[in-house]
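# Examining the three-dimensional arrangement
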Amino acid sequence: MRTLVASLGSFFVVLLAGCGDDLTSTVGTASDTASTSTGETSSSTGTTASLPTTTDTGGTDSMTGTTGTTGTVEPTSTSTTTGDGSSSTSTSTTGSTTEDTTTGEVMTTGEACVDGVVCEGNIAISCEGEVPSMEECGHLCVDGVGCVDCVAPGPEVCDGLDNDCDGVADGPGVCGPGSCSAGAGVCIELTIPDEPPLVSGCRQQFPPAQSLPCPIAEPGPVFHVSAQTGDDANDGTTPETAWRTLCHAVGAAPAGSTLRVAEGQYASAEVYVGKELTIKGGFDGTFSTWDPDLHPTTFYGRLNLDHNGAVFGGFRMIASPLHADAWSYPHHFVGAGTLVRNYVEIVATSGGDMNTLNLYGIVASACSGGVSVLRCNDIYVRSDAPQTFVVSAVEYGNHALHAGQGVLDGNRICQDGGGFATDAIGGYGSCFPAPVSLLMRNNVIETAGSGGSAIDFYSCGSDDMSFTLTNNTVIGVSEAIRGSGDAAVMMRWKLTNNIFFSAGGGQTAVNAGDVGVEITTSEGNLTFGFADNAIHPAPLLSVGDDVSGVATPASVFVDAMNGDLHPKAGGQAVDTGLNVFGLPAYGVVTTDIAQQLRPPQGPWDRGALEL
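Quantities reported herein were computed from a predicted structural model and do not represent experimental measurements. (Residues numbered from 1 in each chain as written. Predicted model: local features only at pLDDT ≥ 70, side-chain atom pairs only at ≥ 80, totals over all residues. Heavy atoms only, no water.)

### Side note on the overall build of the chain
As a reminder of what qualifies: Segments assigned H or I by DSSP are reported as helices when at least four residues long, segments assigned E as strands when at least two residues long, and all are numbered from the N terminus. Here the term buried applies to any residue with accessible area under 20% of the maximum for its type, exposed to any over 50%, and partly exposed to those in between, with areas from a 1.4 Å probe on protein chains only. Contact criterion: two residues are considered in contact whenever any of their non-hydrogen atoms come within 4.5 Å of each other. Method for areas: the Shrake-Rupley scheme with a 1.4 Å probe, in which residue coverage is limited to the protein chains shown.
Helix and strand counts for the chain come out as three helices and 42 strands. Buried residues in the chain amount to 59% of all 611 residues. Summarising the internal contacts of the chain: among those between residues at least 6 apart in sequence, 70% fall at separations of at least 24. Split by element, the accessible area of the chain, about 21,200 Å² in all, is 54% carbon and sulfur.

### Some thoughts on the packing of aromatic side chains
To keep things clear, this is the line we draw: Two aromatic rings from Phe, Tyr or Trp, using only the six-membered ring of Trp, form a pair when their centres are within 6.5 Å; if the ring planes differ by under 30 degrees the pair is stacked, by over 60 it is edge-to-face, and anything between is tilted. Placement of a charge over a ring requires the Lys NZ or Arg CZ to be within 6 Å of the ring centre, with the centre-to-atom vector within 35 degrees of the ring normal.
This structure, assessed with the given rule, holds eleven aromatic pairs. Arranged with centres 5.9 Å apart and planes meeting at 55°, the rings of F299 and F312 form a pair that is tilted. Residue F299 is found in strand 18 (residues 297-299), and its partner F312 is found in strand 19 (residues 302-313); the two are separated by 13 residues along the sequence. A centroid spacing of 5.1 Å and a plane angle of 10° characterise the contact between F501 and F528, whose relative ring orientation is stacked. Here F528 lies in strand 39 (residues 526-536) and F501 lies in strand 37 (residues 499-511), a separation of 27 residues in the sequence. This pair shows no difference in class: F501 is buried, exactly as F528 is. Its guanidinium or amino end placed over the ring of W604, R598 lies 5.2 Å from that ring's centre, counting from NZ or CZ.

### Focus on the state of the cysteines
Here is the rule: Here, two cysteine sulfur atoms that lie within 2.5 Å of each other are counted as a disulfide.
Counted according to the given criterion, the structure contains six disulfides. Residue C158 pairs covalently with C175 via a disulfide, S to S 2.0 Å. What sets the handedness of the C158 and C175 disulfide is the S-S torsion sign, and at about 110° it is right-handed. Of the two residues, C158 is situated in the loop between strand 12 (146-150) and strand 13 (222-225) and C175 in the loop between strand 12 and strand 13; the sequence distance between them amounts to 17 residues. Here C158 falls in the buried class, since its relative accessible area comes to 18%. Each sulfur in the disulfide pair C431 and C460 lies 1.9 Å from the other. What sets the handedness of the C431 and C460 disulfide is the S-S torsion sign, and at about 105° it is right-handed.

### Quick word on the pairing of strand 35 (residues 479-484)
Each regular strand shows side chains that alternate between the opposite faces of the sheet. So the rule is basically this: Note on pairing: DSSP must find at least two bridges between two strands before they are called paired.
Relative to strand 35, strand 32 (residues 453-458) runs parallel, the two sharing five bridges. Each residue of the ladder has a partner; that of S453, found in strand 35, is E479. Examined bridge by bridge, strand 35 and strand 37 share three bridges and lie parallel to one another. By the bridge assignment for strand 37, I481 is matched with V510.

### A word on the side chain of T468
Its place among the elements puts T468 in strand 33 (residues 465-470). Setting aside its immediate chain neighbours within four residues, T468 contacts L438, L439, M440, K494, A585, Y586 and G587.

### Concerning the nonpolar core
Selection rule: In this text, buried Ala, Val, Leu, Ile, Met, Phe, Trp, Tyr and Cys residues form a nonpolar core when linked through side-chain atoms within 4.5 Å.
Of all hydrophobic cores here, the largest spans 76 residues; its most connected members are L259, I279, I425, I455, F457 and W493. Counting residues per element, this core draws most heavily on strand 19, which supplies five residues. With near-sequence residues (within four places) excluded, W493 lies in contact with I455, F457, F467, L469, I481, A512, V517, E518, I519, T520 and T521. The next biggest cluster of nonpolar side chains, apart from the first, holds 19 residues, and it includes C376, A560, A573 and I593.

### Description of a nonpolar patch on the surface
To be explicit about the condition: To count toward a patch, a residue needs a relative accessible area above 30% and no salt bridge. Like charges then connect within 9 Å, nonpolar side chains (Val, Leu, Ile, Met, Phe, Trp, Tyr) within 5 Å. Think of a salt bridge as a Lys or Arg side-chain nitrogen and an Asp or Glu carboxyl oxygen that are within 4 Å of each other.
Taken together, V186, I188 and L190 make up a surface patch of nonpolar side chains, about 310 Å² in accessible area. On the secondary structure map, L190 appears in the loop between strand 12 and strand 13.

### Concerning the side chain of R260
Note the following rule: In the analysis that follows, any N or O atom pair within 3.5 Å is treated as a polar contact, provided that within protein one partner can donate a hydrogen and the other can accept it, and provided that, for residues neighboring in sequence, both atoms belong to side chains.
Structurally, R260 is set in strand 14 (residues 257-262). A distance of 2.9 Å separates polar atoms of two side chains, one belonging to R260 and the other to E218. At 3.1 Å, the side chain of R260 and the backbone oxygen of F287 are in polar contact.

### Examining the environment of A551
The residue A551 is located in the loop between strand 40 (541-543) and helix 3 (553-556) in this model. Residues A551 and F528, spaced 23 residues apart in sequence, show a C-alpha to C-alpha distance of 5.9 Å. For A551, the contacting residues outside a window of four places in its chain are L526, F528, V556 and Q572.

### Quick word on the pairing of strand 42 (residues 564-567)
The two faces of strand 42 match: D564 and H566 on one face and L565 and P567 on the other face are all buried. Remark: four residues form the turn of the hairpin made by strand 41 (residues 557-559) and strand 42, two consecutive strands paired antiparallel; G563 in that turn has positive phi of roughly 90°.

### Re the pattern of salt bridges
Within this structure, the stated rule accounts for twelve salt bridges. Between E479 and R482 there is a salt bridge, and its shortest N-O distance comes to 3.6 Å. By relative accessible area, E479 is classed as buried at 6%. Among the residues examined, R482 registers a relative accessible area of 22% and is labelled partly exposed.

Spelled out as structure tokens, the structure:
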């Protein structure tokens, strides 16, 4: 276990916590926090001249309540490269707003000498009479808390999380490639398809009013892609010499670099990423402003991420696979790498084959040695084929067996329509003689249809699988969690601070199976709306669960029927959760889905959103 110590002057608070990937890079996105680089040069930091300023902009999202701020271009400013590969510009002005010059992360400081502790960059300020006292934080400053130091970081391991407290998940050299696909095919460009308006049956809004405010770092040299002004005969090194197609750009860019992709429509039939490469959409035509909401960058093909260092983010990923008429059809693959801050919409229609259609929107089965990360995405999957039997929005099993570690972090997901065999998240246990795992934290997971389960897994019988679910809001139809085991191996579930509910008279809240299944711990969970609100099988340890079924959507959420899943003041979700701030055993959670800091001390709210 690692220990965080928050200190200011004679005030000391000990936090039993891990130094997760959210502590330095994600905490800075909260509206009341700031992070300013120190300018010190080490193996992971160094002062560099910044690229043009890019910022995140947009209106207020009804679910997250976050608001972006438009930024400007400062091509000659000086910035400091942090451990996550991004650059930040420091400030010393009280009450000002600073911007990360490449990730678009907006950081605000509090006003000095008001109440409590405020952060001015990485300086903690408190008032003693009329004279403020200041302390420079060695690691992180958190408003209302002061300096938070990671005094005993653990060794970095390849798991999609930041274990050594340097602000970088799976730092350089920690993970191997983790690849398992055969490689890229020939680049083929499709005709830009028509894009009919989406009619959704989900409670959540799709497309969302605003994407989730997660930054995307830009490591290495930067190259450019523009469907409107680019040419694949160019060298891609400047905005004026941008490439035109994604497939060509991914093949031409060197490993370890970043592709900035300008707004527009991209229709490479398939984009295969089998090397360390960041592909970042959402830029304006001059590549000076980054805002995926204001500058939509639309990709119509299929994506295959096949390297632990591959990152694809900031896109609208729209698919209407008319050819999805076989008995089983997958669309995107994430076997290794990170899919971050995308809007993914997959609506399949029927074709000529009247065999049963199984549709898998994103196959996120990790390769052996791979870590599959889905972070801060909005994912909508539906099949309109009348013969549809199975629909999974995110699948860990079919078409690529899950052989590594999966991380589902801060996503809004809905599987719309379908019958009893559908699910939003589904798959197998290990089909290999090696254990596998799946971490789900801060997600809203929804099924909207006549049946099906929100989460559905069954054992493959070859080795163990562990599930860690922390602070998810799960909307099921028949069940929130359904599973089945195998006596030869074990499927272990760790459930903490989740909300499991059905607004349509579901059967069972949690039924993870009987033999070969263990609910190791169940702490601070809330279940309601099912005929049976109990958690099955009986947890080995149960603390603080509310399975009475007394709660209703109206008593728990602000407006669940219209997609506002913020906890309602005075309701059963507020201050009823277990504080697991940064604890590795619970998934190193430090924020909610909107990237707002969860309390380092005191009770938490249940579900994906803090009040």
